[in-house]
Amino acid sequence: MLTTLHTAYSDTRAADLAWALGREPLPALAVLDLELGGATMQLRLLGASHQVLLEEEQGSCSETVACMPGSSTPLPLGVAKRVGDWEYEFAARVETLSAGSFAGRAQELLALVADHPHGLAGTFPGSPHAFTAMLAQRTEGQVRWRTWHAYPQEGQLVVTRTRVGVRTPAVAL
């Protein structure tokens, strides 16, 4: 699903993004509700930010990547945690691209997400390449999602990927 977000950027630079687990739902500009093999998932666009709410029999998980005033947790390169009965893995990177490369990458990503049944993208007024996009899937008993936060004024694209799956018990030998 592709939508136009009728707001200005709430996060103006890639460096302003922070990461958090377990936050309550924040006000969203666009929402996509999904059922993925027994998991209920909500993809939420929060300006130039995102929030994912996941509920399954094993529990719930909330991931937020946003500019959060007072947050002391900057966007990490990687996180691996246990969340209830789940293993949670998060990774982020910042791509810096030339203006031409940025425009091409933006068009490619928006095309990928816009028509995908588990995709949500929002573009911002003022630049055709200012967007936040999310794509979710379930494979091999795991729920995965990827996000892209575009900052065309800096030529930066923040890319995240997350995997949540049931923790497998250690096997005694």
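Rules and cut-offs
- Residues numbered from 1 in each chain as written.
- Predicted model: local features only at pLDDT ≥ 70, side-chain atom pairs only at ≥ 80, totals over all residues.
- Heavy atoms only, no water.
- pLDDT = per-residue confidence, 0-100.
- Helix = DSSP H or I, 4+ residues; strand = E, 2+ residues; numbered from the N terminus.
- Expected span 1.5 Å × (residues − 1).
- Buried < 20%, exposed > 50% of the residue type's maximum accessible area, 1.4 Å probe, protein only.
- Arc of directions from axis to C-beta.
- Contact = heavy atoms within 4.5 Å.
- Phe/Tyr/Trp six-rings, centres within 6.5 Å; stacked < 30°, edge-to-face > 60°.
- Pairing = 2+ DSSP bridges.
- Axes fitted to C-alpha atoms, helices over the stretch in contact; angles between N-to-C directions.

(A) Seen up close, the confidence of the model for the protein chain. With 91% of its residues at a pLDDT of 70 or more, the protein chain has an overall mean of 87. Confidence, expressed as mean pLDDT per element, reaches its minimum in the protein chain at strand β1 (residues 2–4) with 81 and its maximum at strand β3 (residues 30–36) with 95.

(B) Structural detail: helix α1 (residues 99–114). When the terminal C-alpha atoms of α1 are compared, their 22 Å separation across 16 residues agrees well with the 22 Å that a helix rising 1.5 Å per residue should span. Within the sequence span of α1, burial applies to Phe102, Ala103, Ala106, Leu109, Leu110, Val113 and Ala114. Seen from one end, α1 has its buried residues packed into an arc of 135°, which puts them on one side. The exposed set on the far side of α1, more than 90 degrees from its buried face, consists of Gly100, Gln107 and Ala111. Those residues of α1 that are buried are in contact with β1, β9 (119–123), β10 (131–139), β11 (142–151) and β12 (156–166).

(C) Structural view of the packing of aromatic side chains. All told, the structure shown has 2 aromatic pairs when counted by the stated rule. Note on tryptophan 19 and tyrosine 88: the rings are 6.3 Å apart at their centroids and 35° apart in plane angle, and the pair reads as tilted. Taken together, the residues tryptophan 19 in strand β2 (residues 18–21) and tyrosine 88 in strand β8 (residues 86–96) connect sequence positions 69 residues apart. Residue tryptophan 19 shares its accessibility class with tyrosine 88, and that shared class is buried. Relative to phenylalanine 90, the ring of tryptophan 19 has its centre 5.9 Å away and its plane inclined at 35°; by these criteria the two rings are tilted. One end of the pair, tryptophan 19, is in strand β2; the other, phenylalanine 90, is in strand β8, with 71 residues separating them in the sequence.

(D) Structural detail: the sheet that holds strand β7 (residues 78–83). Taken together, 7 strands build an open sheet; the order of strands is β1-β9-β10-β11-β12-β8-β7 and the sheet is mixed. If you trace the sheet from one side to the other, it starts and ends with β1 and β7, each paired once. When strand polarity is set aside, the average angle formed by the axes of neighbouring strands in this sheet is 15°. Contacts between α1 and the sheet are confined to β1, β8, β9, β10, β11 and β12, with β11 contributing the most and set at about 145° to the helix.

(E) A look at the pairing of β9. Most of β9 sits out of view: 5 of its 5 residues are buried. Where β1 and β9 come together, 3 bridges link them in parallel fashion. Its bridge partner being in β9, leucine 2 is matched across the sheet by alanine 121. In terms of strand pairing, β9 meets β10 through 5 bridges, oriented antiparallel. Among the inter-strand pairings, threonine 123 is bridged to a residue of β10, identified as phenylalanine 131.

(F) Here's a closer look at the sheet that holds β2. The strand order across the open sheet formed by 5 strands is β2-β6-β5-β4-β3, and the pairing between neighbours is antiparallel. Of all the strands in the sheet, the pair left with one neighbour each is β2 and β3. Pairs of neighbouring strands in the sheet enclose a mean axial angle of 10°, with direction left out of account. Of the strand pairs in this sheet, β3 and strand β4 (residues 39–45) are connected by 7 bridges, and their pairing is antiparallel. Bridged to aspartate 33 within β4 is glutamine 42.

(G) Quick look at unusual backbone geometry. Phi is positive for glutamate 140, which is not a glycine, with a value near 50°. For glutamate 140, the location among the structural elements is in the loop between β10 and β11.

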